[in-house]
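Examining the three-dimensional arrangement
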Amino acid sequence: MEPELVVVGAGPAGVAAVLMAAGLGLRTVLVEADRVGGKAWDIGALQNVPGGWSDGAALARALAADVDRVRDTGRCTLLQARALRVRAHRDRAETVLADGRTLTAAAVLVATGVTALTPRHAAWIEAPEGLRPPPLWRARPEDVGAGDPAVVLGADRPLGTWLRTRPGAAARLEVLHPAGDAYKTTEVADDARVRLHEVEHATVVSLDSGYRIAARCTDGRVHEVRTRALFGNLGARAAPLDGDLAPGPDGYCPPATQHPRLLVAGDLRSARHQRIVTAQGSGAEAVLTHYYTGWGGAG
């Protein structure tokens, strides 16, 4: 029997969608290539998520338990697979998997979120081909200890979050960022663990024991530093599936512009609403909206 809904992505948005669908009596297939809980597993501390979670791993474990509970009712099937594309038709939606299978349902909810920008996406950075520094938000305090300074490329919001949630971490962060990131640095400007450098251009050279970075600053200085710890903090870009989704000019997929059988939830919707609580709400709301308009359910 075909499911009423295929949900792609088992992060906070996808799990919220599965729970809402189960409560409405709908059968779902949840497609996830990695672990249920998604990026939450790697979040070191949570501050703005109701429920008193100490860190992302605690929340991720709870999300996995939620999925197990719904699976036990027979309302959800968890499929460990990678989805490649979605197609919308007049009477159905299709999800094509990397292994060649195609899942058919009344609708597909895509909650594939975002992926971190890398140096190759930043015009102000010259770096070796394929360089992908680990994201700062995944760093442990011991990764950015009080020895050699750690260099952070970009001043996106996770910088402030990382520092606030680790007030005792003996970090030394050399943050290189373009002028466009300057407004984001006000919340960390007074933190003694941070040195901010507004730069026009930065060159990263790989060494046997780390990296050498030379930056041309907007105030005319040339700042050079060597480090064994290099982190990316350049922001994120949407990670939609191929097929019939309708991304906007910024690559994100606003729900209102999608085919009625293609639902989107979580960080994929907008660059401005990338929070766990908004992701959860959007997953539940998308299912409710489609239930009333697409399936004709009664409240």
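A short tour of the structure in this document, coming up. (Residues numbered from 1 in each chain as written. Predicted model: local features only at pLDDT ≥ 70, side-chain atom pairs only at ≥ 80, totals over all residues. Heavy atoms only, no water.)

Right, let's talk about the overall build of the chain for a bit. Scanning the chain from terminus to terminus reveals four helices and 18 strands. For the C-alpha atoms alone, the extent of the chain along its principal axes is close to 65 × 35 × 35 Å. With 299 residues in all, the chain has 47% of them scored as buried. Counting only contacts in the chain whose residues sit at least 6 apart along the sequence, the fraction spanning at least 24 positions is 58%. Taken as a whole, the chain presents about 14400 Å² of accessible surface, with 48% of it coming from carbon and sulfur. For the chain, the separation between the mean place of its 34 positive charges and that of its 33 negative charges on side chains is 2 Å. (Helix = DSSP H or I, 4+ residues; strand = E, 2+ residues; numbered from the N terminus. Buried < 20%, exposed > 50% of the residue type's maximum accessible area, 1.4 Å probe, protein only. Contact = heavy atoms within 4.5 Å. Areas by Shrake-Rupley, 256 points an atom, 1.4 Å probe, with all protein chains shown as cover. Lys, Arg positive; Asp, Glu negative; His and termini not counted. Charge placed at Lys NZ, Arg CZ, Asp CG, Glu CD.)

Further remarks concern the sheet that holds strand 1 (residues 5-8). An order of 3-2-1-7-18 is seen for the five strands of this open sheet, with the pairing classed as parallel. This sheet does not close on itself; its edge strands, each paired only once, are strand 3 (76-80) and strand 18 (262-264). Along the sheet, successive strands turn relative to each other by an average axial angle of 20°, direction set aside. As paired strands, strand 1 and strand 7 (residues 107-110) are joined by four bridges and run parallel to one another. From the neighbouring strand, L5 faces strand 7, where its bridge partner is A107. Contacts from helix 1 (residues 12-23) reach strand 1, strand 2 (28-32), strand 3 and strand 7, with the element oriented near 160° to strand 1. (Pairing = 2+ DSSP bridges. Axes fitted to C-alpha atoms, helices over the stretch in contact; angles between N-to-C directions.)

Formed by 29 residues in total, the largest nonpolar core has its most connected members in L5, V7, L30 and L109. Sequence-distant contacts of V7, defined by excluding residues within four places in its chain, comprise G14, A17, V18, V29, L30, V31 and L109. Among the nonpolar cores identified, the runner-up in size contains 24 residues, and V6, A88, V110 and A238 belong to it. (Core = buried A, V, L, I, M, F, W, Y, C linked by side-chain atoms within 4.5 Å.)

What the four strands build is an open sheet, ordered 6-5-4-17; its pairing is mixed. Two strands in the sheet have a free side with no partner beyond their single neighbour: strand 6 (102-105) and strand 17 (242-243). Taken together, the four bridges between strand 5 (residues 93-97) and strand 6 define a ladder with antiparallel strand orientation. By the bridge assignment, V96 is partnered in strand 6 with T102.

The full count for this structure, using the stated rule, is 18 salt bridges. Where R71 meets D68, a salt bridge forms, and the shortest distance between an N and an O atom there is 3.5 Å. Placement of the pair is R71 and D68 together in helix 2 (residues 56-72), with a separation of three residues, close to one helical turn. Looking at D68, the relative accessible area reads 38%, which means it is partly exposed. Across the pair R216 and E200 runs a salt bridge whose closest N-O atoms are separated by 3.2 Å. Residue R216 is located in strand 13 (residues 210-217), and its partner E200 is located in strand 12 (residues 194-207); the two are separated by 16 residues in the primary sequence. Owing to a relative accessible area of 42%, R216 belongs among the partly exposed residues under this scheme. Residue E200 is classed as partly exposed on the basis of its relative accessible area, which comes to 43%. By sharing partners, the salt bridges in this structure join D91, R92 and E94 into a single network. (Salt bridge = Lys/Arg side-chain N within 4 Å of Asp/Glu carboxyl O.)

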